[in-house]
Amino acid sequence: MEWLLFAAALVAVGVVIGIVYVVIAESSKFFLQVSPIEFLTETTWTPLFENPSYGIAPLLTGTFMSTLVALAVAVPLGLLVAIYLSEFASSRTRETIKPTLELLAAVPTVVYGYFALLFVTPLLQQALRPLGIELPSFNLLSAGIVIGLMIIPYIASLSEDAMRAVPRSMREGSYAMGATRLETAFQVVVPAAVSGVVGAVILGMSRAIGETMIVAVAGGTQPQMVVSPTQQGATVTAFIAQVALGDIAFGTLEYNSIFAAGLALLVLTLLFNFVAFWLQRRYREAY
């Protein structure tokens, strides 16, 4: 049994190594023809044009913008839900709400995409028009909001687990000092569970960065430098989905560009994960 468990763990490591190898090997073919400096510094991404340009910046700005909007929605809502489930909800209420909340993670992302395009976008257009803001049909604001709704279960569930792991004695000590349940939740429980909360937020961020169908359906596929969420724009994953439809010949520079974009996304996600690991080790409390 011990060897079986070791083999299962080894398979997981092997899969990760295989993914990294494939992405790097295919990306190297791209960088043999395109300078990494051009890839990182140019602000035009048109690999499918007659005169192609390979600056990844437009895709990264679209990815960052949709992710920031998603986190602005998911972090406060997810933490409030986690605090309620951990500190205020009864056992029966928790057993009802938590599984229901986690069902949001089971909804296909293409459904979320059409929900953003056909429901959230018209709603935002009506709300922003009196303010003089004309929201295009494809925009990163509605896509980001719906991505935020999608990742709430990740943040809420993991944060609630971290908060429930805080010893009861800390809560009782706070109550003994005259603190209310609300003060105890925000000033004792959340700071004590901060390492787990940060890990939950980073996991949600990684999920938002890697989202494909919502941004492809509702955010648009036009790669441009994005400075406002009311613009349309392409993300790294949306571009990969666009090119990987089978219309581009295998082994061409245009085809290899999806692996270069995937490598940029992989490095970006790894950086966020390393930051999460550092923060967890830095602020982890042992009880």
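Overview of the overall build of the protein chain
Each helix and strand in the protein chain was counted, giving twelve helices and zero strands. When the helices and strands of the protein chain are read in sequence order from the N terminus, they spell out α-α-α-α-α-α-α-α-α-α-α-α. With the C-alpha coordinates aligned to their principal axes, the bounding extent of the protein chain is approximately 70 × 65 × 30 Å. Here the protein chain, with 287 residues, has 42% of them falling under the buried criterion. Between the averaged position of the 13 positive side-chain charges in the protein chain and that of its 17 negative side-chain charges there is a distance of 14 Å.

Topic: a nonpolar patch on the surface
Taken together, the side chains of Leu-80, Tyr-84, Phe-88, Ile-97, Leu-182 and Phe-186 present a nonpolar region at the surface, about 530 Å² in accessible area. Tracing the backbone shows Leu-182 in helix 8 (residues 181–192).

Concerning the packing of aromatic side chains
In the structure shown here, the tally under the stated rule is ten aromatic pairs. Their ring planes at 80 degrees and their centres at 5.2 Å tell us that Phe-30 and Phe-31 sit as a pair that is edge-to-face. On the basis of relative accessible area, Phe-30 is assigned to the buried category, the value being 0%. A connected cluster of aromatic rings, assembled from ring pairs, spans Phe-30, Phe-31, Phe-39, Trp-45, Tyr-54 and Phe-239.

Some thoughts on the side chain of Lys-98
Here Lys-98 lies in helix 4 (residues 91–102). Given the relative accessible area of 17%, Lys-98 is considered buried. Side-chain polar atoms of Lys-98 contact the side chain of Asp-161, separated by 2.9 Å.

A word on the nonpolar core
Core analysis: the largest hydrophobic core is formed by 63 residues, its most contacted members being Ile-147 and Ile-151. Contributing elements (two or more residues each) for this core: helix 3 (57–88), helix 5 (109–128), helix 6 (140–164), helix 8, helix 9 (194–209), helix 10 (213–219), helix 11 (236–243) and helix 12 (253–283). Among the elements that take part in this core, helix 6 stands out by supplying eleven residues, more than any other.

Calculation notes
For every chain, the first residue of the written sequence is number 1, and numbering continues from 1 onward in sequence order. At least 70 in pLDDT is required for a residue's local features to be given in this predicted model, at least 80 for side-chain atom pairs to be given and counted, and no such filter applies to totals for whole chains, interfaces and linings, which use all residues. Note: side-chain values were computed over all heavy atoms of the structure, leaving out hydrogens and water. Secondary structure counts use DSSP, requiring at least four H or I residues in a row for a helix and at least two E residues in a row for a strand, with both numbered from the N terminus. A simple rule labels every residue: compare its accessible area, found with a 1.4 Å probe on the protein chains alone, to the largest value its type can have, and call it buried under 20%, exposed over 50%, or partly exposed in between. Residues counted as positive are Lys and Arg, residues counted as negative are Asp and Glu, and His and the chain ends are not counted. To locate a charge, take atom NZ for lysine, CZ for arginine, CG for aspartate or CD for glutamate. Within the patch definition used here, like charges are joined within 9 Å and nonpolar side chains (Val, Leu, Ile, Met, Phe, Trp, Tyr) within 5 Å, considering only residues with over 30% relative accessible area and no salt bridge. We get accessible surface area from the Shrake-Rupley algorithm with a probe of 1.4 Å; when it comes to residues, only the shown protein chains can shield them. Should a side-chain nitrogen of Lys or Arg be within 4 Å of a carboxyl oxygen of Asp or Glu, the pair is scored as a salt bridge. Centres within 6.5 Å are what make two rings of Phe, Tyr or Trp a pair, Trp counting through its six-membered ring; a difference in plane orientation under 30 degrees is then read as stacked, over 60 as edge-to-face, and the rest as tilted. What qualifies as a polar contact is a pair of N or O atoms within 3.5 Å, subject to a donor-acceptor requirement within protein and to the restriction that residues adjacent in sequence count only when both atoms come from side chains. Take the buried residues of types Ala, Val, Leu, Ile, Met, Phe, Trp, Tyr and Cys, join any two whose side-chain atoms come within 4.5 Å, and each joined set is a nonpolar core.

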